[in-house]
Amino acid sequence: MRTSRFIGLLAVLMTLAGGTPCVAAAQATASTPGGSDEMGAAPSPDSSEATPDTEAQSERSASPENPMPFSGWKVINLPTGRTLEGGNWLFLISHRFNQPVNTGYAGFYGLDSGATMYLSLGYAFTDRLLVTLGRSDRRDNVELETRYGAVHERNPSWPVGLSVQGAVNWLTRDIPGQRRWRSAAFKYTAQVSLTRTVVDQVGLALVPGLTLNPDENLDGETPLVTLGLGARWKVQEKVALVGEWTPVLSRPDAIATAPNRHDTWAAGVEITTDGHVFQVVVSNGRGLTTDQYLSGADLGGDIADGNVRLGFNIFRILDFSKF
């Protein structure tokens, strides 16, 4: 993907993000007897006295920024505990450019290179259950993932958010002499997200993970155990800094046999507007599906020398009931 194509794609996406049909969904939450939502922000104190006009105005000004500790559905790659109101859809597009920043101006700091791309569409069957189908062009990886939000940290008896996520990844790339349905082409992951707001503007995430069959080219590989660490610092009402690190805890022998497998990390700036979350990030890896980023990254050089990749995530809530 060349720079012009990248700019054109962003223009289309920002046009989509500027639409109005899904603004109301950004604020929509499941109400509880105490007057606050289960997975989102509490309603305003005077919501019971709102007129239809004021309710419509409130919906137009709604933003997905309200939930803490995380505004997005991923820290960057790691899952947060956020779900959706039942019946809504979530669209995600992610890019990681293949060449690192230190290619310099000749490669426009990596932006002139091709990119690893991920597209997904999720549907909230209930306020707690979100199912997503996605695909990455890296090895034609198709991902089916399910997230269940067990509890929000606002629960007074449990001050930590808890969600579980499982994914099945299928490598559908056509390899001569091998069947697409071979067992080695399937990978399985499980993660538990524990989130907590430590101060008013800072959220933390602890995400242990397990990956079965992390390398389809190795027979008899033992499971890969990781521990994701994520953070978000809200510096302004709609701007935050986000970062994550996912060290590999198990199988140091596999690290030796795969010297280019480094602990995955990413950091960036997050901007929220009505109906969507936009992240501009740098990372040492280009894996976007769960099995890819948990299995490690390929860049392990000096960050100060620009041995990192640029990329972005765009989350968009879709409420088709408004059409």
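Per chain, residues are indexed from 1 in the order of the written sequence. With pLDDT at 70 or above as the cut-off, local features in this predicted model cover only qualifying residues; side-chain atom pairs require 80 or more to be listed or tallied, and sums for whole chains, interfaces and linings still use all residues. Values reported for side chains reflect all heavy atoms of the structure, with hydrogen atoms and water molecules removed beforehand.

### Re the overall build of the chain
Within the chain one finds five helices and twelve strands. Each residue gets one of three labels from its accessible area relative to the maximum for its type: buried under 20%, exposed over 50%, partly exposed in between, using a 1.4 Å probe on protein chains only. The buried share among the 323 residues of the chain stands at 47%. Here a residue-residue contact requires only that any non-hydrogen atoms of the pair lie within 4.5 Å. Restricting the contact set of the chain to residue pairs at least 6 apart, pairs at least 24 apart contribute 60%. Put simply, the chain shows about 15000 Å² of open surface, and 61% of that area lies on carbon and sulfur atoms. Only DSSP runs of H or I covering at least 4 residues are called helices, and only runs of E covering at least 2 are called strands; the numbering of each starts at the N terminus. Per-residue and other accessible areas were derived by the Shrake-Rupley procedure at a 1.4 Å probe size, with only the shown protein chains allowed to occlude residues.

### Description of unusual backbone geometry
In the Ramachandran plot, Arg139 falls in the positive-phi region, its phi being about 60° despite a non-glycine side chain. Positionally, Arg139 belongs in the loop between strand 3 (129-136) and strand 4 (141-151). Residue Arg139 is classed as partly exposed on the basis of its relative accessible area, which comes to 33%. One non-glycine residue, Asn213, adopts positive backbone phi at about 60°. By the element assignment, Asn213 lies in the loop between strand 7 (202-212) and strand 8 (224-234).

### Focus: the packing of aromatic side chains
Any two of the Phe, Tyr and Trp rings considered here, Trp counted by its six-membered ring, make a pair once their centres fall within 6.5 Å; the pair's planes then place it as stacked at under 30 degrees, edge-to-face at over 60, or tilted in between. Applying the stated criterion across every chain, the model contains seven aromatic pairs. Centre to centre, the rings of Tyr123 and Phe125 are 4.9 Å apart; their planes meet at 90°, and the pair counts as edge-to-face. Taking relative accessible area as the criterion, Tyr123 reaches 25% and is therefore assigned partly exposed. One aromatic cluster in this structure is built from Trp89, Tyr123 and Phe125.

### Things to note about a nonpolar patch on the surface
Patch building starts from residues that exceed 30% relative accessible area and form no salt bridge, then joins like charges within 9 Å and nonpolar side chains (Val, Leu, Ile, Met, Phe, Trp, Tyr) within 5 Å. Should a side-chain nitrogen of Lys or Arg be within 4 Å of a carboxyl oxygen of Asp or Glu, the pair is scored as a salt bridge. On the surface, a nonpolar cluster with roughly 470 Å² of combined accessible area is contributed by Val168, Tyr188, Leu210, Leu212, Val225 and Leu249. Inspection of the secondary structure puts Leu249 in the loop between strand 9 (239-246) and helix 4 (252-257). Classification of Leu249 by relative accessible area gives exposed; the value is 53%.

### Here we look at the sheet that holds strand 10 (residues 264-273)
The pairing criterion is simple: DSSP has to find at least two bridges between the two strands. In space, the twelve strands of this closed barrel follow the order 1-2-3-4-5-6-7-8-9-10-11-12, with antiparallel pairing throughout. Neighbour-to-neighbour, the strand axes of the sheet open up by a mean angle of 20°, direction not taken into account. Where strand 11 (residues 276-283) and strand 12 (residues 309-318) come together, eight bridges link them in antiparallel fashion. Its bridge partner lying in strand 12, Phe278 is registered against Ile314. To get an axis, fit a line to the C-alpha atoms, keeping to the stretch in contact for a helix; angles then go from 0 to 180 degrees between the N-to-C directions.

### Some remarks on the side chain of Asn77
Within the secondary structure layout, Asn77 lies in the loop between helix 3 (52-60) and strand 1 (89-97). Residue Asn77 is classed as buried on the basis of its relative accessible area, which comes to 4%. Excluding its chain neighbours within four sequence positions, the residues that come into contact with Asn77 are Arg96, Glu244, Thr264, Gly287, Leu288 and Tyr293.

### A look at the confidence of the model for the chain
Model confidence for the chain is summarised by a mean pLDDT of 78, while 74% of its residues fall at 70 or above. Note that residues 1-65 has pLDDT below 50 and, in this model, 108 contacts with residues that lie over four places away or in other chains. Within a predicted model, pLDDT stands for the predictor's per-residue confidence, ranging from 0 to 100.

### A word on the pairing of strand 11
Most of strand 11 sits inside the fold, with six of its eight residues counted as buried. Sheet analysis places strand 10 next to strand 11, joined by eight bridges and oriented antiparallel. Within strand 11, the position partnered with Ala266 by the bridge is Ser283. The turn linking strand 10 back onto strand 11 is made up of two residues, and Gly275 within it adopts a positive phi angle of 90°.

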